[in-house]
Amino acid sequence: MTTNRRRNIPLRLLDLSQTGITGDIPASIVNFRSLESLNLYDCKLSGFLPSFIGNLSHLVTLDLKSTNVGGIIPSSITSLTQLVKLDLSDNSFTGLPASNNITGLQKLVHLDISRNLLEGVIPSWVSLLTSLEDIRLTTNMLSGVIPSGLFKLSSLEVLDLSYNKLQGTIPSVFALPSLRELMLDDNQLVGQLNLLDEGLVPRSFLQLVNITYLTLANNNFSGVWDLDILLSSLTNLQGLDLSYSGLSVVTANANHSVNPEFYALKLASCKLNVFPEFLRSATKLSDLDLSHNDIHGQLPSWTGKMWMDSLSTFDLSHNFITGLYNLPWNYLLHLKLESNLIRGPFPLSICKMSFIQIVDLSNNHFNGTIPNCFGYINENLVMIDLGNNSFHGAFPVISGCERLGELNLNRNLVHGKLPRSLAKCAALEVLDVGNNQFNDVFPNWLATLPILKVLVLRSNSFHGSITNAEKTDFQFSNLRILDLSQNKFSGTLQSDFFRNLKAMMNVSDDKTEENYSKSPIGWNIYYHTTVVIKGMSYELVRILTTLTTIDLSDNIFEGSIPDIIGSLKSLKVLNLSHNSLTGHIPYALGNLSKIESLDLSWNQLVGEIPQQLTALTFLAVLNLSQNHLEGRIPRERQFNTFEDNSYLGNPELCGFPLPKECEKNHETDQSSIQREDSQDTESGFMWQAVVLGYGSGTLLGLVMGYLMLLTGRPKWFNRIADAAEHIVHTRQNKRRSVCIAK
């Protein structure tokens with residue numbers, strides 16, 4: 001008789017990746033003491049990484065990428081003596097083990113804790129792991145200085161510390177002969193990095209002879225880098241990104257070759273003054289960004305024959321380019337030529353770009369008609385900006401626009417009717433056709449667009465009443481910016497129209513990065529438009545979703561102001577001036593708790609100024625002039641800061657700040673109708689939500705606005721604002737015709 005004995009075979013590999021398992025990592029896993037590889041990639045786990053993970057002493061590979069675990073990484077993980085690969089990326093870890101008493105990890109080759117929530121400094125024990133070849137800590141919140149020991153790891157091939165909050169200088173000595181990729185971009189690093197000097201750090205860069213990709217972008221360095229010296233020293237270089245690094249880049253445009261695999265050159269805002277000639281030999285170039293530089297004249301003719309099947313991004317915006325040759329790039333995704341001096345017709349070669357997503361030709365001198373072929377480019381198009389040019393004629397019918405998020409034609413000479421084919425663009429969020437010659441009725445058919453947020457029809461010949469004639473579930477429910485000013489709209493303001501503006505009734509005040517309206521194709525592609533405040537145009541490079549404005553000024557509207565407008569509690573700018581509105585100012589406007597600018601001037605409003613308006617503690621700009629208002633001007637909160645120009649042209653108004661005193665029989669006991677709150681809310685002049693980061697000129701305006709409220713000197717502010725407006729109009733006649741502060 002024989003017996004079969006079951007042989008116990010130890011489990012060495014456990015791969016549960018993308019299986020959808022949930023819950024915590026079970027403690028029973030420690031029973032697999034012979035386990036060498038544990039892969040839980042893309043599982044829906046929860047909780048923390050347990051300390052018992054350190055008991056798996058034979059573990060060689062640990063992959064917990066995208067598993068939803070978080071917390072502080074337990075120090076026990078540093079005792080894994082056999083571990084070669086550790087991938088904890090795309091989770092919610094908040095801290096690294098702080099102990100320097102490392103007993104393991106000496107065999108660790110790959111360390112990836114990217115895209116987490118790591119805080120604090122990079123612990124010095126990382127520099128003791130001499131076998132490391134790949135360190136990836138990008139997209140965290142790490143701070144402090146870069147440990148000098150990282151640049152002494154002789155086996156290191158990849159060092160990615162980008163998108164953190166690292167400070168200080170780059171360590172002065174490199175001993176990294178094997179380094180292939182160095183990514184220090186998007187930090188707060190400083191220091192002089194001048195390739196023309198003999199300093200240790202600049203000379204160290206030239207010794208990285210095996211480097212293929214180098215990025216120092218978005219830091220605060222200083223110094224001059226010579227492209228000719230750099231490329232002749234780093235012959236293996238395939239990608240270079242110094243954009244917004246603080247470095248200046250020069251080149252003598254020596255006719256030398258470059259690595260045939262060279263694919264990316266990004267030198268935005270590097271004070272470059274010529275188009276690099278070496279790109280002529282970069283036959284596989286994919287990404288080119290030379291924006292915000294000082295490049296003049298026509299592009300070299302050879303650019304019209306290069307990169308036909310490789311180029312995906314071409315950004316020469318904000319230069320002084322005057323002309324283009326053929327654009328033969330079959331696989332181009334992003335074409336950004338805005339803010340140059342380019343003349344001539346619309347480039348027909350754009351119509352042949354089958355994969356194009358972004359076309360920005362704004363702020364140039366293009367002319368002629370927009371060709372019909374443009375309406376049939378491809379279904380991938382996400383953003384079209386042709387603003388501030390001299391295009392004329394009718395806008396072509398758009399088809400295949402399922403992904404189109406922004407169409408901007410502002411400041412051209414386009415005429416005719418707005419093409420109804422736009423109603424098929426279900427992803428449209430921004431439609432700006434302001435300052436053209438359209439002659440049409442109100443496009444109520446746009447109400448069918450489910451996520452339309454910005455509608456600008458300003459300064460055209462639109463006419464008739466504004467209604468919601470289309471039967472739809474949306475009815476402009478997502479609109480946040482509505483500008484119908486300077487047209488010929490007429491009739492009454494219908495309550496039903498405003499009742500449907502749901503997004504203006506409840507918008508969060510959380511002003512985080514995620515609250516900018518942006519395209520679905522990239523986190524750094526933002527929609528933009530132009531708003532007008534106190535007669536001045538502000539270009540919003542990023543549209544905050546918290547910005548809500550209605551401008552119906554300079555039309556022929558009549559009748560009363562509907563009470564329903566008072567329910568738009570997120571509204572920050574309301575301009576109904578220069579119409580023929582009658583009746584009283586609704587008490588309901590006192591419910592506009594976020595309002596910062598209210599202009600009802602040049603109408604035929606009657607009655608007293610409602611006391612309820614004194615509750616608007618964010619109100620910074622008020623204009624009720626040129627009406628038929630009467631009685632005492634309220635005296636409370638913000639109303640104590642407004643001067644007489646807010647009320648001129650109302651002969652029956654009296655009291656401060658007007659020189660006309662109220663008659664005694666019209667006086668009322670201010671103590672009974674104007675009670676100061678025991679905790680008076682401080683005014684919050686929030687124009688920074690409108691134009692945050694959109695240029696020093698605008699920033700100066702914001703400071704003046706703040707001082708206006710602080711000092712109670714609106715007359716002084718208005719004189720400066722009027723002077724600033726004059727400067728803006730003067731600049732518009734200069735070479736770029738750029739709208740002074742997306």
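When helices and strands are counted, the chain shows seven helices and 53 strands. The buried share among the 742 residues of the chain stands at 55%. A total accessible area of about 31,400 Å² is found for the chain, and carbon and sulfur atoms account for 51% of it.

Outside of glycine, negative phi angles account for most residues, and trans bonds account for most peptide bonds. In this model, Phe656 is joined to Pro657 through a cis peptide bond whose omega is 10°. Examined against the element boundaries, Pro657 turns out to sit in the loop between β53 (652-654) and α4 (670-673). With phi around 55°, Tyr163 is a residue other than glycine that occupies positive phi space. Note on Tyr163: relative accessible area 33%, which makes it partly exposed. Look at Ser339: it is not a glycine, yet its phi comes out positive at around 60°. When its relative accessible area of 2% is taken as the criterion, Ser339 is described as buried.

By secondary structure assignment, the location of Asn194 is in the loop between β16 (188-192) and α1 (200-206). Its relative accessible area of 12% is what places Asn194 among the buried residues. Separated by 28 residues in sequence, Asn194 and Ser222 have C-alpha atoms that sit 7.4 Å apart.

This part is about the pattern of salt bridges. Within the structure shown, the criterion is met by 15 salt bridges. Between Glu36 and Arg12 there is a salt bridge whose closest N-O contact spans 3.5 Å. In this pair, Glu36 sits in the loop between β2 (22-23) and β3 (37-39) while Arg12 sits in the segment before β1 (13-15), placing the two residues 24 residues apart along the sequence. Note that Asp496 and Arg499 form a salt bridge whose closest N and O atoms lie 2.6 Å from each other. Of the two residues, Asp496 and Arg499 both sit in helix α3 (residues 495-499), three residues apart, roughly one turn of that helix. Looking at Arg499, the relative accessible area reads 36%, which means it is partly exposed. Each of Glu157, Arg180 and Glu181 takes part in a single network of salt bridges with overlapping partners.

The next thing to look at is the state of the cysteines. On inspection of all chains with the given rule, the structure shows three disulfides. Linked covalently through their sulfurs, Cys401 and Cys425 form a disulfide whose S-S length is 2.1 Å. In this structure the cystine formed by Cys401 and Cys425 twists about its S-S bond by roughly -95°; its chirality is therefore left-handed. Here the residue Cys401 occupies a position in the loop between β32 (390-394) and β33 (406-408), and Cys425 occupies one in the loop between β34 (413-416) and β35 (430-432), the gap between them amounting to 24 residues. Note on accessibility: Cys401 and Cys425 belong to one class, buried. Disulfide partner of Cys654: Cys662, at an S-S distance of 2.0 Å. Between Cys654 and Cys662 the sulfur-sulfur dihedral comes to about 100°; the bridge is accordingly right-handed. In the chain, numbering the disulfide-bonded cysteines from first to last in sequence yields the connectivity 1-2, 3-4, 5-6.

With respect to topology, seven strands assemble into an open sheet ordered β38-β40-β46-β48-β50-β52-β53, the strand pairing being parallel. Where the open sheet ends on each side, the last strands, each with one partner, are β38 (463-464) and β53. In this sheet, strand β46 (residues 556-559) lies alongside strand β40 (residues 488-492) in parallel orientation, the contact comprising three bridges. If you follow Thr492 over to β46, its bridge partner there is Glu558.

All chains considered together, the criterion is met by 20 aromatic pairs. Between Phe314 and Trp329 the ring centres are 4.6 Å apart and the planes differ by 40°, which places this aromatic pair in the tilted class. Linking Phe314 in strand β25 (residues 313-315) with Trp329 in the loop between β26 (320-323) and β27 (334-336), this pair joins segments that are 15 residues apart in sequence. Taken individually, Phe314 and Trp329 each receive the classification buried, so the pair is uniform in this respect. Taken together, a centroid distance of 5.9 Å and an interplanar angle of 75° make the contact between Phe442 and Phe497 edge-to-face. On the criterion of sequence distance, the pair formed by Phe442 in the loop between β36 (437-438) and β37 (454-456) and Phe497 in helix α3 is long-range, its members being 55 residues apart. Given a relative accessible area of 3%, Phe442 falls into the buried group.

Okay, the pairing of strand β30 (residues 365-369) next. Bridge count between strand β28 (residues 343-344) and β30: two bridges; the pairing is parallel. Considered in β30, the bridge of Arg343 is made with His365. Across three bridges, the pairing between β30 and β32 is parallel. Paired with Asn367 across the bridge in β32 is Ser390.

Further remarks concern the sheet that holds strand β18 (residues 220-222). Strand order in the open sheet formed by three strands is β14-β16-β18, with parallel pairing between adjacent strands. Strands at the two margins of the open sheet, each flanked by one partner only, are β14 (167-168) and β18. Here β16 runs beside β18; their pairing, made up of three bridges, is parallel. Within β18, the residue paired with Gly191 across the bridge is Phe221.

This next bit is on the environment of Glu277. The residue Glu277 is located in the loop between β22 (264-266) and β23 (287-289) in this model. Spatially, the C-alpha atoms of Glu277 and Pro300 are 8.7 Å apart, while their sequence positions differ by 23 residues. When neighbours within four sequence positions are excluded, Glu277 is seen to be in contact with Asn253 and Trp302.

So, on to the side chain of Asp134. Position of Asp134 relative to the elements: it lies in strand β11 (residues 134-136). Of the residues examined, Asp134 reaches a relative accessible area of 12% and is grouped as buried. A polar side-chain atom of Asp134 sits 2.9 Å from a polar atom in the side chain of Arg136. Excluding residues that lie within four positions of it along the chain, Asp134 makes contacts with Val109, His110, Leu111, Leu156 and Val158.

Secondary-structure assignment places Asn367 in strand β30. The exposure class assigned to Asn367 is partly exposed, which follows from its relative accessible area of 35%. Taking the C-alpha atoms as reference, Asn367 lies 5.8 Å from Gly344; in sequence the two are 23 residues apart. Not counting residues within four places of it along the chain, the set of residues in contact with Asn367 comprises Gly344, Pro345, Phe346, Ser390 and Phe391.

So, on to the pairing of strand β52 (residues 628-632). Relative to β52, strand β50 (residues 604-607) is paired through two bridges, and the arrangement is parallel. For Val606, the partnering residue across the bridge sits in β52 and is His628. Examined bridge by bridge, β52 and β53 share three bridges and lie parallel to one another. The partner of Arg632 across the bridge, within β53, is Cys654.

When pLDDT is averaged along the chain, the result is 84; 81% of the residues meet or exceed 70. Across residues 1-5, confidence stays below pLDDT 50; counting only partners more than four residues off in sequence or on other chains, it has zero contacts. This stretch, residues 511-524, has a pLDDT under 50; its non-local contacts, to residues over four places away or in other chains, come to 39 contacts.

Definitions and limits used
- Residues numbered from 1 in each chain as written.
- Predicted model: local features only at pLDDT ≥ 70, side-chain atom pairs only at ≥ 80, totals over all residues.
- Heavy atoms only, no water.
- Helix = DSSP H or I, 4+ residues; strand = E, 2+ residues; numbered from the N terminus.
- Buried < 20%, exposed > 50% of the residue type's maximum accessible area, 1.4 Å probe, protein only.
- Areas by Shrake-Rupley, 256 points an atom, 1.4 Å probe, with all protein chains shown as cover.
- Salt bridge = Lys/Arg side-chain N within 4 Å of Asp/Glu carboxyl O.
- Disulfide = S-S within 2.5 Å.
- Pairing = 2+ DSSP bridges.
- Phe/Tyr/Trp six-rings, centres within 6.5 Å; stacked < 30°, edge-to-face > 60°.
- Contact = heavy atoms within 4.5 Å.
- Polar contact = N/O pair within 3.5 Å; in protein donor to acceptor, adjacent residues only side chain to side chain.
- pLDDT = per-residue confidence, 0-100.

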